[in-house]
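Chain by chain, the residues:
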Amino acid sequence: MLEQVTKVHDESRQGEAYAPVAEETQTYTKKFYIESYGCQMNFNDSEIVASILKEEGFGPTRNLEEASLVLLNTCSIREKAETTVRKRLTEFRKIKQRNPELLVGVLGCMAERLKAKLLEEEKLVDMVVGPDAYRTLPALIEEAETGQKAVNVQLSREETYGDIAPVRLDSNGVTAFVSIMRGCNNMCSFCVVPFTRGRERSRDVVSILNEATDMFNRGYREVTLLGQNVDSYYWVNPEDASVITTFANLLEQVALISPLLRVRFSTSHPKDITDDVLFTMAKYENICKYIHLPMQSGSTRILQLMNRTYTREWYMKKVDRIREILPDCALSTDVITGFCTETEEDHQDTMSLMAYGRYDLAYMFFYSERPGTLAARRYQDDVPEEVKKRRLAEVVELHRGQSLSSMQQDVGKTFKVLIEGTSKRSEDHLFGRTDHNKVVIFPKEDFRKGEYVWVKVEDCTAGTLLGTSTGRA
Ligand code: SAH
Ligand code: SF4
Ligand code: F3S
């Protein structure tokens, strides 16, 4: 994990190695090994890469020793994310010594940030490929096979990989991610993403609906629509410019695929989530009542320096509006402590805004200056590391209490749960998630993954609900 501290759902994979195998059992002549770091978009990109490589006869493997191509899909969001990748590359050195033919490629945000410099710094790297250049991977592999170093870090204003059907890696066959846009135009001053992912662009609505429908037909029962700022999704029909699809429209169309298909989305920028989106969520039972609404800070002055474009009060009103339209909506957030010039008073503002939000889940980080960002150029990273960490610990402590009480409040209630598989701890138990994305464990009986069941919650731990099913939903 990175600086992220709480127990989290899928995003807990942030920064953790992830060496997946594909859902298919087709045999391939060549094998590639891929590890993904960072956000869900990066994990989804690895599935696009797997699809591109499949066309070239490469199949995925979990065994490094049998791979002829090793790829790291990297993250630059915080310094620690990059350090983790560097360490991993050091470990690969030994394998490359044993097998000099092995090709090592760095993909993703770190590739984009460091470009050809990465080849000088990490001698064993053969290929550096940015997030918009994956279609050129076959040519780059060919180039690298001749002993040359291959680099493509060109960013694009159009690329969405809309026509590429991702090869699902390490899939549970029930839940999957669908990218609906790429890049980000939001220039939050602390953030490297606009530099590593380029300009924001939305993916063709038809390709999104086709992908989600196809997944439903193959037995998937939940899709999470992904983007750095999903609420600014905007698609203009190329044949008829009067036909526009907003995020609210898209959400509705995905929800209409089937009432049995759960729909989630991430991430919402507080400045962009509209009433239309909230009303659409209210209208469809299968759109999960869960919003990830990153606050970053509770101090208006710091928010301004962060270029978040909202104030503390504006954020509070957004939370109020969500609770008004969706009284039973779970909320999660992201927080950064110790941003440039943050005082004790600013920190207390963050603490009180955390308390106001009563978040079910929070991802909390201390500020890590990223080269090239607006903050790095304009402000001094002047809060000492121990202060950043102490403030982070306080925010985490506050949140721990909130999330535990959110779990405890569920005891005694009955929830509709989508079954995702067998519990890690017991063969006789299944696990699934509630609409609020909380993990529930319950006795197996004759239920199977992909089914919806009602589960009465009898107990909880800090991260899991425990219960018994009262029947199929
Ligand atoms: N697009 C999403 C966030 C993507 S990055 C959004 O706008 O909310 C995920 C989280 O990492 C951010 O919300 C922020 O809390 C954190 N983060 C980003 N840059 C950071 C930095 N330089 N230091 C510490 N945390 C950072
Ligand atoms: Fe980064 Fe801000 Fe864009 Fe999120 S919205 S990816 S924090 S610039
Ligand atoms: Fe990391 Fe890039 Fe995602 S910096 S968080 S992998 S967009």
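These numbers were taken from a predicted model, which means no experiment stands behind them.

Parameters and conventions
Residues numbered from 1 in each chain as written. Chains lettered and ligands numbered in written order. Predicted model: local features only at pLDDT ≥ 70, side-chain atom pairs only at ≥ 80, totals over all residues. Heavy atoms only, no water. Near = heavy atom within 4 Å. 1 Å grid on protein atoms, 1.4 Å probe; cavity = no way out; pocket = protein on both sides within 12 Å on 5 of 7 lines; lining within 4 Å. Sits in = over half its atoms within 2 Å of the grid points. Nonpolar A, V, L, I, M, F, W, Y, C, P; charged D, E, K, R; others polar. Domains from an automatic or database assignment. Points joined across faces, edges and corners; volume = space filled by probe spheres on them. Helix = DSSP H or I, 4+ residues; strand = E, 2+ residues; numbered from the N terminus. Phe/Tyr/Trp six-rings, centres within 6.5 Å; stacked < 30°, edge-to-face > 60°. Buried < 20%, exposed > 50% of the residue type's maximum accessible area, 1.4 Å probe, protein only. Pairing = 2+ DSSP bridges. Core = buried A, V, L, I, M, F, W, Y, C linked by side-chain atoms within 4.5 Å. Contact = heavy atoms within 4.5 Å. Axes fitted to C-alpha atoms, helices over the stretch in contact; angles between N-to-C directions.

Q: So what exactly am I meant to see when it comes to the site of ligand 3 here?
A: Lining the immediate environment of ligand 3, one finds Cys39, Asn42, Thr74, Cys75, Ser76, Ile77, Cys109, Val193, Arg197 and Gln228. Among the detected pockets, ligand 3 sits in the largest cavity. When its residues are assigned to classes, the shell around ligand 3 shows 5 nonpolar, 4 polar and 1 charged. Residues from two domains meet in the shell around ligand 3; each of domain 1 (2–152) and domain 2 (175–410) gives at least three.

Q: Looking at this structure, I do not really get the layout of surface pockets. What am I missing?
A: Considering only enclosed or pocket space, the second largest pocket measures out at about 390 Å³ in volume. Listed by contribution, the elements that provide at least two residues to the lining of the second largest pocket are strand S15 (330–337) and helix H14 (385–408). No other element matches H14, which puts 3 residues into the lining of the second largest pocket. Per-class residue counts for the lining of the second largest pocket are 6 nonpolar, 5 polar and 7 charged. Built from parts of two domains, the lining of the second largest pocket gets at least three residues from each of domain 2 (175–410) and domain 3 (414–472).

Q: When you look at the packing of aromatic side chains in this model, what are you seeing that I'm missing?
A: Any aromatic ring pair is given by two values, namely how distant the centres are and how the planes are angled relative to each other. Tallying each qualifying case throughout the model produces 7 aromatic pairs. An angle of 75 degrees between the planes, with centres 5.2 Å apart, marks the rings of Phe247 and Phe265 as edge-to-face. With Phe247 in helix H8 (residues 247–255) and Phe265 in strand S13 (residues 262–266), the pair connects residues that are 18 residues apart, well separated along the chain. By the burial criterion, Phe247 is buried, and Phe265 matches it. A ring pair is formed by Phe339 and Tyr367, whose centres lie 4.8 Å apart and whose planes are at 75 degrees; its orientation type is edge-to-face. Here the residue Phe339 occupies a position in the loop between S15 and helix H12 (344–357), and Tyr367 occupies one in the loop between strand S16 (361–366) and helix H13 (374–378), the gap between them amounting to 28 residues.

Q: I tried to follow the pairing of strand S10 (residues 222–226) on my own but got confused; where do I start?
A: The side chains of a regular strand alternate between both faces of the sheet. When you tally the buried positions in S10, you get 5 out of 5 residues, the bulk of the element. Side-chain alternation along S10 places Glu222, Thr224 and Leu226 on one buried face and Val223 and Leu225 on a second face that is also buried. Here strand S7 (residues 175–179) runs beside S10; their pairing, made up of 5 bridges, is parallel. When the bridges of S10 are listed, Ser179 appears paired with Leu226. Where S10 meets S13, 5 bridges bridge the pair, whose relative direction is parallel. Within S13, the position partnered with Leu225 by the bridge is Phe265.

Q: How should I be thinking about the environment of Glu158 in this particular structure?
A: Relative to the assigned elements, Glu158 resides in the loop between strand S6 (150–152) and S7. What makes Glu158 exposed here is its relative accessible area of 63%. When the C-alpha positions of Glu158 and Gly38 are compared, they lie 23 Å apart, and in sequence the two are 120 residues distant.

Q: Got a minute to help me understand the nonpolar core in this structure?
A: One broad trend across soluble globular proteins is that nonpolar side chains are buried collectively. Membership of the largest hydrophobic core comes to 68 residues, with the highest contact counts inside it found for Leu225, Phe247, Phe265, Met281 and Ile291. Apart from the residues within four sequence positions on either side, Phe265 is in contact with Thr224, Leu225, Val230, Phe247, Leu251, Val277, Met281, Ile287, Tyr290 and Ile291.

Q: Explanation requested: the pairing of strand S19 (residues 439–443) in the structure shown.
A: For S19, a buried count of 4 out of 5 residues is recorded, marking the element as mostly surrounded by other parts of the structure. Hairpin connection of strand S18 (residues 429–433) to S19: 5 residues between the antiparallel strands, including Asn437 at a positive phi of 70 degrees. Taken together, the 3 bridges between S19 and strand S21 (residues 464–472) define a ladder with parallel strand orientation. Across the sheet, Ile441 pairs through a bridge with Leu466, a residue of S21.

Q: Just checking my understanding: could you explain the sheet that holds S13 for this structure?
A: Remark on secondary structure: sheet strands pair via backbone hydrogen bonds, oriented parallel or antiparallel. The 3 strands lie next to each other as S7-S10-S13, forming an open sheet whose pairing is parallel. In the strand order of this sheet, the two ends are held by S7 and S13, each with one partner. Looking at each pair of strands side by side, their axes are set apart by 25 degrees on average, direction ignored. Those strands touched by helix H7 (residues 205–217) are S7 and S10, and its axis lies near 170 degrees from that of S7.

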